[in-house]
Amino acid sequence: MIEVRNLDKSFGKLVVLRDISCHIALQEVVCVIGPSGSGKSTFLRCLNLLEQPTAGEIFIDGVKLTDNDNTINLVRQNVGMVFQRFNLFPHKTALHNVSMGPEIVQKTPRKEAEKIANDLLVKVGLADKANVYPDQLSGGQQQRVAIARALAMQPKIMLFDEPTSALDPEMVGEVLAVMKDLAREGMTMVVVTHEMGFAREVGDRVIFMDEGRLVEEGTPEQIFGNAENERTKAFLSKIL
Amino acid sequence: MEIAINSLPQLLKGASLTVTITVLSVTFGCIIGLIVGLARLSKNKLLRLLATAYVDFFRGTPLLVQILIVYFGTPILLQDAQGFLVDNYGMPQLISNYAMPRLVAAVIACSLNSGAYIAEIFRAGVQSIERGQMEAARSLGMSPRQAMRHVILPQAFKRVIPPLGNEFIALMKDTSLLSVIGIIELTKSGMLIVAWSYEAFAIYLTVAFIYLVMTFTLSRVVDYLERRLKTSD
């Protein structure tokens, strides 16, 4: 589904990603963990070219990502993204935040797009908030709308960039619950997270990154149970 | 006092011309400003360079000089380029007789000038929208153009209303410069009345008062718009 080969990324002289290669299979849920500044968000952002890799190749569903605008737009329709700070469109209601993608990008007729949006809001438990603007929603509700917005494009892959880091603790659960449902339905997911409980419970595989390198990967049992790498152990001992 | 009241109809006629020129110029200025402002943000280096040059020129030179260039300068330019114009009967005609209609020159000069300021207002407005908005729109598969049109600009427009209002008011006052090319707007109407009545103080005070009423009304309208758009957020 996703194939990453020798990915490098630097911002000027600052090297953020070094020689990352990995493979993510269909319906797999991969959690990326690691200290801040380890490059995990940048790695995720490279997967839909919000960051342009400095070197290396990424294939999504067999299509090579290039900086060609048409390819990018097409690939992005298949790759949904959820951001740490939600990034909902403040000038649109919850419903229109969700219906906008299909309507503008896929030219779905408005009525139909709104129907899709309504169904998705029901799915994330926010049917009653359809006509509310983002600033009247709690953080957890906003993030659920953001998930619905990404799902409206019927993506094959969902990327989550620390989706619960900006939330009050009591709202983390409702967002994770929606993500668990998605995983159960067989969505391919890459989740950058500090929620080790989620990684352990839902993740098929855990990737540990440090200083721009993919240090270790394995099943949650392997990583959380008996990590081999010293740095992985040191990191986990601090947070578990 | 009496002279002020008696000359009011004439002054108000001038004021209506002031308003007309201002509204037309701001309208064209907004169109120019949107295009130039977006060009300033373009990935294309040449476009960016041209837009920057435009802004630098029209912001860096006096409006008065710009008015003189458009009204007196461009006909000569046309003449140099073509030498002669052909009249209705196909006879060559020396173009130096040709003058641009004053009102057209006035609106062109004011539009070009305010276009430069409005371009900067739009550019700042677009740049004030946080990066995550563009990223969210792009991650849905929108093209840069679609993201700009449906996500960035609607939010930017709300933010630029106050500075746009300022520009509107500033331009309204600056149209008084058009008196130099014989446009009988509010200030020039006053000057004409003073020329025969010698009542400079009363007349110019009345002129100032009329400007004040117009700019005050305008700023209230801007306030109202700002408040209304805020609640719809």
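This one's a predicted model, so the numbers in the text were calculated from it and none came from an experiment.

Draft legend 1. Spotlight on the overall build of chain B. When helices and strands are tallied, chain B shows 9 helices and 2 strands. In sequence order, chain B lays out its α and β elements as α-α-α-α-β-β-α-α-α-α-α. Looking at chain B as a whole, 43% of its 233 residues are labelled buried. In chain B, the proportion of contacts linking residues at least 24 apart, taken out of those at least 6 apart, comes to 74%.

Draft legend 2. Geometry of helix 7 (residues 144-174) of chain B. Along its 31 residues, helix 7 of chain B runs just 37 Å from first to last C-alpha, ending more than 12% under the 45 Å computed at 1.5 Å per residue. Where helix 7 of chain B bends most, at Ile161(B), the angle is about 50°, and the proline Pro162(B) comes one to four residues later.

Draft legend 3. Inspection of the nonpolar core at higher detail. The biggest cluster of nonpolar side chains holds 50 residues, and the ones touching the most others in it are Leu121(A), Ile147(A), Met158(A), Phe160(A), Met179(A) and Met189(A). Ranked by residue count, the leading element in this core is helix 6 (residues 169-184) of chain A, at 8 residues. Setting aside anything within four residues of it in sequence, one finds Met189(A) in contact with Glu28(A), Val29(A), Val30(A), Met158(A), Phe160(A), Met179(A), Leu182(A) and Ala183(A). Ile24(A), Leu159(A), Ile129(B) and Leu153(B) belong to the second-largest nonpolar core, a separate cluster that totals 48 residues.

Draft legend 4. Highlighting the layout of surface pockets. By volume, the largest pocket amounts to about 1000 Å³. In terms of lining residues, the largest pocket is bounded by 25 residues, among which Lys43(B), Met134(B), Arg138(B), Pro144(B) and Met148(B) are the most central. Broken down by secondary-structure element, the contributors of at least two residues to the lining of the largest pocket are helix 2 (69-78) of chain A together with helix 5 (102-128), helix 6 (131-139) and helix 7 of chain B. It is helix 7 of chain B that provides the largest number of residues to the lining of the largest pocket, a total of 6 residues.

Draft legend 5. Just the pairing of strand 2 (residues 14-24) of chain A, in detail. All names here are of chain A. Inspection of the sheet shows strand 1 (residues 2-11) paired to strand 2 by 7 bridges, in the antiparallel sense. Note on strand 2: the bridge partner recorded for Leu7 is Ile20. Between strand 1 and strand 2, which pair antiparallel one after the other, the connecting turn spans 2 residues, and Gly12 there sits at a positive phi close to 60°.

Draft legend 6. Looking closely at the pairing of strand 10 (residues 213-218) of chain A. All names here are of chain A. Inspection of the sheet shows strand 9 (residues 205-210) paired to strand 10 by 5 bridges, in the antiparallel sense. Note on strand 10: the bridge partner recorded for Ile207 is Glu217. Here strand 9 folds back onto strand 10 in antiparallel fashion, the turn holding 2 residues, of which Glu211 has a positive phi close to 50°.

Draft legend 7. How the structure looks around the packing of aromatic side chains. Here the structure, examined in full by the defined rule, presents 5 aromatic pairs over all chains. Seen in terms of ring centroids, Phe122(B) and Phe157(B) are 5.6 Å apart; in terms of plane orientation they differ by 85°. Their pairing is edge-to-face. Separated by 35 residues along the polypeptide, Phe122(B) in helix 5 and Phe157(B) in helix 7 bring together distant segments of the chain. Above the ring of Phe89(A), the side-chain terminus of Arg149(A) is found at 4.5 Å from the ring centroid. When the ring centre of Phe216(B) is taken as origin, the NZ or CZ atom of Arg220(B), which lies over that ring, is 4.5 Å away.

Draft legend 8. Local environment of the interface of chain B and chain A. Of the residues lining the interface, 21 residues belong to chain B; the matching set on chain A comes to 27 residues. Carbon and sulfur atoms supply 55% of the area buried between chain B and chain A, which totals about 1900 Å² over both sides. Here chain B is connected to chain A by 1 salt bridge. The shortest N-O distance in the salt bridge between Arg45(A) and Glu135(B) comes to 2.5 Å. Inspection of the region where chain B meets chain A yields 6 residue pairs in polar contact (both at pLDDT 80 or more). Sorting elements by how many residues they give to the side of chain B that touches chain A places helix 6 of chain B first, with 8 residues. Residue composition of the side of chain B that touches chain A, by class: 6 nonpolar, 9 polar and 6 charged.

Draft legend 9. View of the sheet that holds strand 4 (residues 55-60) of chain A. Residues and elements named next belong to chain A. Reading across the sheet, the 4 strands line up as 2-1-4-5 and stay open at both edges, with antiparallel pairing between neighbours. The sheet terminates laterally at strand 2 and strand 5 (63-64), the two strands that pair on one side only. Sheet topology note: the strand 4/strand 5 ladder contains 2 bridges and is antiparallel. Its bridge partner lying in strand 5, Ile60 is registered against Val63.

Draft legend 10. Summary view of the packing of helix 5 of chain B against helix 7 of chain B. All names here are of chain B. The N-to-C vectors of helix 5 and helix 7 enclose an angle of 135°; their axes lie 8 Å apart at closest approach. One element, helix 5, and the other, helix 7, form an angle in the oblique class. For helix 5 against helix 7, the interelement crossing comes out right-handed. Facing helix 5, whose interface residues are Cys110, Ser114, Tyr117, Ile118, Ile121, Phe122, Gly125, Val126 and Ser128, helix 7 presents Met148, Ile152, Leu153, Ala156, Phe157, Arg159, Val160, Pro163, Leu164, Glu167 and Leu171.

What counts, and where the lines are drawn
- Residues numbered from 1 in each chain as written.
- Chains lettered and ligands numbered in written order.
- Predicted model: local features only at pLDDT ≥ 70, side-chain atom pairs only at ≥ 80, totals over all residues.
- Heavy atoms only, no water.
- Helix = DSSP H or I, 4+ residues; strand = E, 2+ residues; numbered from the N terminus.
- Buried < 20%, exposed > 50% of the residue type's maximum accessible area, 1.4 Å probe, protein only.
- Contact = heavy atoms within 4.5 Å.
- Expected span 1.5 Å × (residues − 1).
- Bend = angle between axes of the 7 residues up to and from the residue.
- Core = buried A, V, L, I, M, F, W, Y, C linked by side-chain atoms within 4.5 Å.
- 1 Å grid on protein atoms, 1.4 Å probe; cavity = no way out; pocket = protein on both sides within 12 Å on 5 of 7 lines; lining within 4 Å.
- Points joined across faces, edges and corners; volume = space filled by probe spheres on them.
- Pairing = 2+ DSSP bridges.
- Phe/Tyr/Trp six-rings, centres within 6.5 Å; stacked < 30°, edge-to-face > 60°.
- Lys NZ or Arg CZ within 6 Å of the ring centre and 35° of its normal.
- Buried area = accessible area lost by both parts, 1.4 Å probe.
- Salt bridge = Lys/Arg side-chain N within 4 Å of Asp/Glu carboxyl O.
- Polar contact = N/O pair within 3.5 Å; in protein donor to acceptor, adjacent residues only side chain to side chain.
- Nonpolar A, V, L, I, M, F, W, Y, C, P; charged D, E, K, R; others polar.
- Axes fitted to C-alpha atoms, helices over the stretch in contact; angles between N-to-C directions.
- Parallel < 35°, antiparallel > 145°, perpendicular 65-115°, else oblique.
- Left-handed = near helix turned anticlockwise from the far one by under 90°.

Read these as geometric descriptors, not functional statements.
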